[in-house]
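Structural description and commentary
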Amino acid sequence: MSISSVLLSGLSGLRAAQTGINTVSQNIANANTPGYVRTEVTLSPLTQIGDASGVRVEGVRRAADRFLATASYIATASQGAATARADLLTRAQSTFGDPSKSSSMFGMLDEFWSAMTEIGVDPSSALRRGDAVSSLQTLFAETQRVGQSIQDLIGEADQRISDAVQEAQSLMDRIAQMNQEIRLTRSTGADSSGAENAQSALVDRLSALMDVRVTQQPDGGIHVRTSGGALLVGVEAAKLSYTPNNASFTTQGVITINEQLGTQANLEPLLLGGEIRGLLQARDVDLPGLAEALGGFTATLADSLNAVHNENSSSPAVSSLVGRQTGLLGSDAIGFTGQAIIGITDAGGALSQRLTIDFDARTITGEQPATTYSFSGGTITDFAAALDAAMGAASPPGNASFSNGVLSLDVGSNGGIVIQQDPNDPADRAGRGFSHFFGLNDLVSRPNPLFFESGIQGTDEHGLNQFGTISYRVRDSAGRFVANRTVEITGPLFAPGSTWNDVLNALNAPGTGLGEYGSFSLNSSTGQISFTPIAGYSVSLLQDTTTRGATGVSFTALNGLSEASTAGRAIELDVDSAIAANPSLLAVARPDLTSLIGSRIIEAGDNRGATALVNARDTIRSFSASGILTPQATSLANYASRFGGEVARLATDAQRAQTGAAAVATAAADRRSEVEGVSVDDELMRMTVYQNAYAASARVIQAATDMLDVLMSLGYR
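Keep in mind it's a predicted model, so treat the numbers as computed, not measured.

Section: the overall build of the protein chain
Secondary structure assignment for the protein chain yields 16 helices and 25 strands. On C-alpha atoms alone, the protein chain measures out to a radius of gyration of 39 Å, which is more than a quarter above the 27 Å that the 2.2 N^0.38 rule sets for 717 residues. Considering only residue pairs separated by 6 or more positions, the protein chain has 67% of its internal contacts joining residues 24 or more positions apart. In the form shown here, the protein chain has an accessible surface area of approximately 30300 Å², with 52% of it arising from carbon and sulfur atoms. Averaging the coordinates of the 47 positive side-chain charges in the protein chain and doing the same for the 71 negative ones gives two points 8 Å apart.

In structure tokens form, the structure reads like this:
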């Protein structure tokens, strides 16, 4: 080996050792930098014509383990989803309060039952009636607060999705920029580990927002995809877009990817983890499930109280009864079977007239005077006219009217009105009695229909106003846009005699309706219209501008086909305004309408109505599926307990999932750190090795220099 080879060998050793020392120094300096991956020098022998001639620095590479990195991305995404979901559900649970405390919604319900029980001790006490009414008002004020809080959380989740999408876009853009920088750096043979570390930190943050998979590219840089296969970063970054909508009871948009290409691709089904996935789960499933269950619970409570209250009477009986908004028209069939009894009292509470309504025979029979009135036409208008005539002949005379969906009865200030079911053949329309269905003596009211068993038939005229529209959006199982469909009440649908069957046919028509994606059907027993999607499709309501006559009630509000009509009940229910203003109108008596004409039927000390209201708490009834609550047959008391338990279970399960995901993420990060992280002790050992190598290479050069000097002094040429 020539002296020049020895000098070059030593010089290459110096350079290699210097590169190693610099690399170790950089590692030690970044020992505590989050996300930093230590770098290593790759060396290889340098040969010339088969002879060793030094050492070559092949490059500086990061000690990254792609398998551990992938495991870390998966764990981080799971933690991000679980954390976002647990945060929202824990806060949702807190809005309900501690069930054991009187300040919670469930505690307020118990306070109301207690107040009603107290009325039974002294039904004539104005103070106790006031306490009961106040307790019920407080309860519904709380359900309104809780219901609105859940809607606010849904709006917050939607806004956080928008913020997360914007952050993800920024990260993807920077990752794509780093790809270019890494490729350029590598092409010049320079060290690209700094840019790769910076890019790795960006990917780590992106994995918390959405689950990602990273593929290394031969020329440097990476491709990033979601677990579902959506390419987020390739040659360029994909373009994500989302527009938030914070309005309550609305249909939110979807996260689109590369919308500028005209694909209308929905990213959401391709996200299997990450904060965005957790927010989507909370916004679209968990929180709406809570809202729906709350709406169903409060509506069932209100309807149960109204069923009893409509059989009761205040003392003295009220002179005017104004019903609820039914959404029905005067041209609709009266639709009742069985019998109901209306008692008219004089100023002293004595029964002056008894009107027996036989819906099967379509007659109203009065006793004082003894007269029969027919509503053989069978419509609500016919019935109201017959009832008006019957009440007009009573003493004191009264009147009845049906206008814009509301039935009203009045006998002036010198009398009272009491309505009850016939004990042997009770009136029935879609499962509710006469007074209960029309809400003539409701304790709890709502501007829109409280229940959706309207009793309409397919052959009834639909009565929807011209030019009203019902619009739906259809997506497939992957969340991709399929179609928008709008049915407008115009043309044949607005022709005289057009029925509910015609509306159903229009909604179910393929091509113009939703026939390819599901079907609308009418339950002949209840009159409620429902929609069943075909597997593989999801259908969401975009807009409903229809109204039925002058009722102000839309198609979806009448049938409970929107979140606003179902979950919205929790926000809109309240004590009837007349009772709230005058608690003496609280009906806690149970008159006997089988008494003789002239008998006093209402006593101030009658507590049978109050007892019946309290008994409603423990009466077994059927509850349909509502949000997070399954269909069941139980009492109101048990249903409230189960509701509270389901709210707690949902939040607890989310918290447990978060704890488990955090533990897995920590373990994955620790394992990755063991391989990729910096150990100062190990780096100091490497520093010593490189320092010794540097010194050895320097001695080789020095020895070769000394040898050359000796040879020169001997005159060696």
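That was the structure; now back to the text.
Concerning the nonpolar core
Within the largest apolar cluster, 155 residues are counted, with the highest numbers of intra-cluster contacts made by F434 and F643. Looking at this core, the element that brings in the most residues is helix α4 (residues 126-187), giving 20 residues. Beyond its immediate sequence surroundings of up to four residues, F434 is in contact with F336, A340, I342, I357, F359, F383, L407, I419, Q421, A427 and L440. Counting residues in each nonpolar core, the second largest holds 7 residues, with I341, L351, V418 and L593 among its members.

Topic: the packing of helix α3 (residues 105-121) against helix α6 (residues 275-309)
The contact between α3 and α6 brings their axes to 14 Å, and the two run at 5°. Considered as vectors, α3 and α6 are oriented roughly parallel to each other. Note on element contacts: α6 touches α3 through L294, F297, L301 and L305, opposite M105, L109, F112 and W113. Partitioning the contact of α3 with α6 into residue classes produces 8 nonpolar, no polar and no charged.

Let's talk about the sheet that holds strand β15 (residues 406-410)
Strand pairing in a sheet takes place through backbone hydrogen bonds and is either antiparallel or parallel in direction. Reading across from one edge, β9-β15-β14 is the order of the 3 strands in this open sheet, with antiparallel pairing throughout. One side of each edge strand has no neighbouring strand; the edge strands of this open sheet are β9 (320-322) and β14 (399-403). Sheet twist, expressed as the mean angle between neighbouring strand axes with direction ignored, is 10°. Sheet analysis places β14 next to β15, joined by 5 bridges and oriented antiparallel. Bridge pairing in β15 links N399 to D410.

Some remarks on the environment of L68
Turning to its location among the elements, L68 is positioned in helix α2 (residues 66-96). A relative accessible area of 17% means that L68 is categorised as buried. For the pair formed by L68 and G343, sequence separation is 275 residues and the distance between their alpha carbons is 81 Å.

Structural notes on the packing of α2 against α4
Between α2 and α4, the shortest axis-to-axis distance is 9 Å and the interhelical angle comes to 165°. The angle between the axes of α2 and α4 places the two elements in the roughly antiparallel class. Judged by the sense of rotation from one axis to the other, the crossing of α2 with α4 is right-handed. The residues of α4 that touch α2, namely those facing A84, D87, L88, R91, A92, T95 and F96, are E142, R145, V146, S149, I150, L153, E156, A157 and R160. The residue inventory of the contact of α2 with α4, partitioned by class, reads 8 nonpolar, 2 polar and 6 charged.

Section: the environment of A350
Inspection of the secondary structure puts A350 in the loop between β10 (339-346) and β11 (351-358). Separated by 262 residues in sequence, A350 and A612 place their C-alpha atoms 23 Å apart. Apart from residues no more than four positions distant in its own chain, A350 is found in contact with I344, T345, G598, S599 and R600.

A look at the sheet that holds strand β13 (residues 370-374)
Reading across the sheet, the 5 strands line up as β13-β12-β11-β10-β16 and stay open at both edges, with antiparallel pairing between neighbours. Of all strands in the sheet, those bounded by a partner on one side alone are β13 and β16 (415-421). When the angles between neighbouring strand axes are averaged without regard to direction, this sheet yields 15°. Bridge count between strand β12 (residues 363-367) and β13: 5 bridges; the pairing is antiparallel. The residue bridging T363 from the neighbouring strand is S374, located in β13.

Let's talk about the pattern of salt bridges
Using the criterion set out here, one finds 26 salt bridges in the structure. Between E167 and R205 there is a salt bridge, with the nearest N and O atoms lying 2.7 Å from each other. Note that E167 is positioned in helix α4 and R205 in helix α5 (residues 193-209), a separation of 38 residues in sequence. Overall, E167 belongs to the partly exposed group, its relative accessible area being 32%. Here D173 makes a salt bridge to K239, at a shortest N to O gap of 3.9 Å. A residue pair is termed long-range when its members are at least 10 positions apart, and D173 in helix α4 and K239 in the loop between β5 (231-233) and β6 (240-241) qualify at 66 residues. The class of D173 is partly exposed, set by a relative accessible area of 24%.

Things to note about helix α16 (residues 680-713)
The end-to-end C-alpha distance of α16 is 49 Å, a good match for the 50 Å that 34 residues give at a rise of 1.5 Å each. Residues of α16 that are buried: E683, M687, Y690, S697, I701 and A704.

The rules behind the values
Residues numbered from 1 in each chain as written. Predicted model: local features only at pLDDT ≥ 70, side-chain atom pairs only at ≥ 80, totals over all residues. Heavy atoms only, no water. Helix = DSSP H or I, 4+ residues; strand = E, 2+ residues; numbered from the N terminus. Rg over C-alpha atoms; globule rule 2.2 N^0.38 Å. Contact = heavy atoms within 4.5 Å. Areas by Shrake-Rupley, 256 points an atom, 1.4 Å probe, with all protein chains shown as cover. Lys, Arg positive; Asp, Glu negative; His and termini not counted. Charge placed at Lys NZ, Arg CZ, Asp CG, Glu CD. Core = buried A, V, L, I, M, F, W, Y, C linked by side-chain atoms within 4.5 Å. Buried < 20%, exposed > 50% of the residue type's maximum accessible area, 1.4 Å probe, protein only. Axes fitted to C-alpha atoms, helices over the stretch in contact; angles between N-to-C directions. Parallel < 35°, antiparallel > 145°, perpendicular 65-115°, else oblique. Nonpolar A, V, L, I, M, F, W, Y, C, P; charged D, E, K, R; others polar. Pairing = 2+ DSSP bridges. Left-handed = near helix turned anticlockwise from the far one by under 90°. Salt bridge = Lys/Arg side-chain N within 4 Å of Asp/Glu carboxyl O. Expected span 1.5 Å × (residues − 1).

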